[in-house]
Amino acid sequence: MQFIDLKAQQNRLKDDIDAGIAAVLESGRYILGPQVQDFEAKLAAFGEAKHAVGCANGTDAILLPLLAWNVGPGDAVFCPSFTYCATAEVIALAGATPVFIDIDRDTYNMDFESLKQAIADVKNKGELRPRAIIAVDLFGQSADYNVIAPIARENGMKLISDSAQGFGTTLNGKHPLAWADVQTTSFFPAKPLGCYGDGGAILTNDEDLEFKLRSLGVHGKGTDKYDNVRIGMNSRLDTIQAAILLPKLAVFSDEIEKRNVVATRYAEELSGVANRVPVVMDGVLSTWAQYTIEVPDPHAFADALKTDGIPTARYYPKPVHMQTAYEHYPVAGNGLPNTMSCIDHIISLPMHPYLTEEDQGRVIEAAKAALA
């Protein structure tokens, strides 16, 4: 059994993917070929955005808006610690200071009370300027933008939706860009919408920002190839990866539905067995990048499932604020109690659209046996 079965998806789309790659090879337009523009247009339409800007990876997708807004030294950018390090990494790379926020204990997404406390603390201390919030759509579920967006606006801050895991999630029928200044995503192969290498994208409704993002992503280009008007970087979505993503995007809605079928069965069978099963906010459609439960001893649980040939994974047993490169940065309030209370119990089960009913049953029965 695969934790994420990319081969099953490849078998479904093989003819279209092979034809797309062959078309790129035939044309020889490997950098910013027409497939990139086609994919960007379709991605923007899917995400209900005016513009989508492809880039080299999901990390650059978060960094580029920070650079476009001139976020840098002396600026505070607020983000959760219970996430992959890239969310905070880009803040430090821009020269700004990440301020780590606690999570909601049910959804694992940013806790707004912790966020408000951190902003107040930064303002009272007076050493940093609050500039931006990066909310993460963790495990595929939309953050609570109904609450976070007003906090950003009230404090004059930009809001980034880091949808590396959550692209396709909606809150009350709306994509995160309905609230955020930009929505970013990653096409790392294991993501719900992934390619066969690295790739990322930024969605925005701001035409001026789109222009600046495209410039920054190609060495700060101006209208003349040899007149670069700003300090930029090299971050372009590869044409072959765009060709691979086009047929994947075409079936993405169907795959999200299939992921939700698996998640529903897991929840029905494991509620009351595991310490916790995922809680989805009212009005949210999750893309279920991961299905994460809490158990008394995740190491023993993983070993038990492994004997049955069932893989597991752990996200994130060591949150970012505890990692060596980030431990000197500030955290909200007196610590992150909700973050700390879950890290010794979290473990994720196999989750993908092609998980058969038989394999779902195997996972469920093995989990029940391990927790008996």
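First, a word on scope: everything that follows refers to the structure included in this document. What you see is a predicted model, and the numbers here were worked out from it, not measured in a lab.

The rules behind each value
- Residues numbered from 1 in each chain as written.
- Predicted model: local features only at pLDDT ≥ 70, side-chain atom pairs only at ≥ 80, totals over all residues.
- Heavy atoms only, no water.
- Core = buried A, V, L, I, M, F, W, Y, C linked by side-chain atoms within 4.5 Å.
- Buried < 20%, exposed > 50% of the residue type's maximum accessible area, 1.4 Å probe, protein only.
- Helix = DSSP H or I, 4+ residues; strand = E, 2+ residues; numbered from the N terminus.
- Contact = heavy atoms within 4.5 Å.
- Disulfide = S-S within 2.5 Å.
- Pairing = 2+ DSSP bridges.
- Axes fitted to C-alpha atoms, helices over the stretch in contact; angles between N-to-C directions.
- 1 Å grid on protein atoms, 1.4 Å probe; cavity = no way out; pocket = protein on both sides within 12 Å on 5 of 7 lines; lining within 4 Å.
- Points joined across faces, edges and corners; volume = space filled by probe spheres on them.

1. Some thoughts on the nonpolar core
- In terms of nonpolar packing, the biggest core is built from 57 residues, with Phe-78, Leu-115, Ile-133 and Leu-159 touching the most fellow members.
- Ranked by the residues each element gives to this core, the list is headed by helix H3 (residues 58-68), at six residues.
- Grouped together as the second largest cluster of nonpolar side chains are 21 residues, Tyr-266, Leu-305, Ile-347 and Ile-364 included.

2. Examining helix H7 (residues 207-217)
- All of the buried residues in H7 are Leu-209, Glu-210, Leu-213, Ser-215, Leu-216 and Gly-217.
- Next to the buried residues of H7 lie strand E1 (51-55), H3, strand E7 (182-186) and strand E8 (200-204).
- Backbone geometry just downstream of H7 places His-219 in the positive-phi region, at approximately 60°.

3. Quick look at unusual backbone geometry
- Across the junction of Tyr-315 and Tyr-316, the peptide omega takes the value -5°, indicating a cis bond.
- If you trace the backbone, Tyr-316 turns up in the loop between helix H10 (298-307) and helix H11 (337-342).
- Although it is not a glycine, Glu-48 adopts a positive phi angle of roughly 55°.
- Positive phi, normally seen in glycine, also occurs at Asn-70, with a value near 60°.
- Along the polypeptide, Asn-70 turns up in the loop between H3 and strand E2 (75-80).
- The exposed category is assigned to Asn-70, whose relative accessible area is 61%.

4. Quick word on the state of the cysteines
- Scanning all chains against the criterion turns up zero disulfides.
- The thiol sulfur of Cys-79 is not disulfide-bonded, and the nearest other cysteine sulfur, from Cys-85, lies at 11 Å.
- Taking the relative accessible area as the measure of exposure, Cys-79 reaches 0% and is therefore buried.
- No disulfide involves Cys-195; its sulfur sits 11 Å from that of Cys-55, the nearest cysteine.
- Under the relative-accessibility criterion, Cys-195 is labelled buried at 0%.

5. Re the sheet that holds E1
- With respect to topology, seven strands assemble into an open sheet ordered E1-E8-E7-E5-E4-E2-E3, the strand pairing being mixed. Edge strands, defined here as strands with exactly one partner in the open sheet, are E1 and strand E3 (97-101). Strand-to-strand twist in this sheet, taken as the mean axis angle between neighbours without regard to direction, amounts to 25°.
- Packing against the sheet, helix H2 (residues 34-46) makes contact with E1 and E8, and its axis sits at approximately 130° to E1.

6. With respect to the pairing of strand E4 (residues 129-136)
- Burial analysis of E4 places six of its eight residues in the buried class, the great majority of the element.
- As paired strands, E2 and E4 are joined by four bridges and run parallel to one another. When the bridges of E4 are listed, Ala-76 appears paired with Pro-130.
- Of the strand pairs in this sheet, E4 and strand E5 (residues 158-162) are connected by five bridges, and their pairing is parallel. Residue pairing for E5: Ile-134 is matched across the bridge by Ile-160.

7. A short note on the environment of Thr-292
- Of note, Thr-292 is situated in strand E10 (residues 291-294).
- For Thr-292, a relative accessible area of 2% puts it in the buried group.
- When the C-alpha atoms of Thr-292 and Thr-312 are compared, they prove to be 9.7 Å apart, with 20 residues separating the residues in sequence.

8. As for the layout of surface pockets
- Its volume calculated, the largest pocket comes out at about 460 Å³.
- Around the largest pocket sit 21 residues that line it, and Tyr-84, Ala-164, Ser-186, Phe-188 and Lys-191 are the ones nearest its centre.
- Within the residue set of the lining of the largest pocket, elements represented by two or more residues are H3 and helix H4 (86-93).
- In terms of residue count, the dominant contributor to the lining of the largest pocket is H3 (three residues).
- The space that makes up the second largest pocket amounts to roughly 200 Å³.
- Thr-97, Val-99, Ala-118, Asp-121, Val-122, Lys-125, Glu-127, Leu-128, Pro-330, Val-331, Ala-332 and Gly-333 are the residues that line the second largest pocket.

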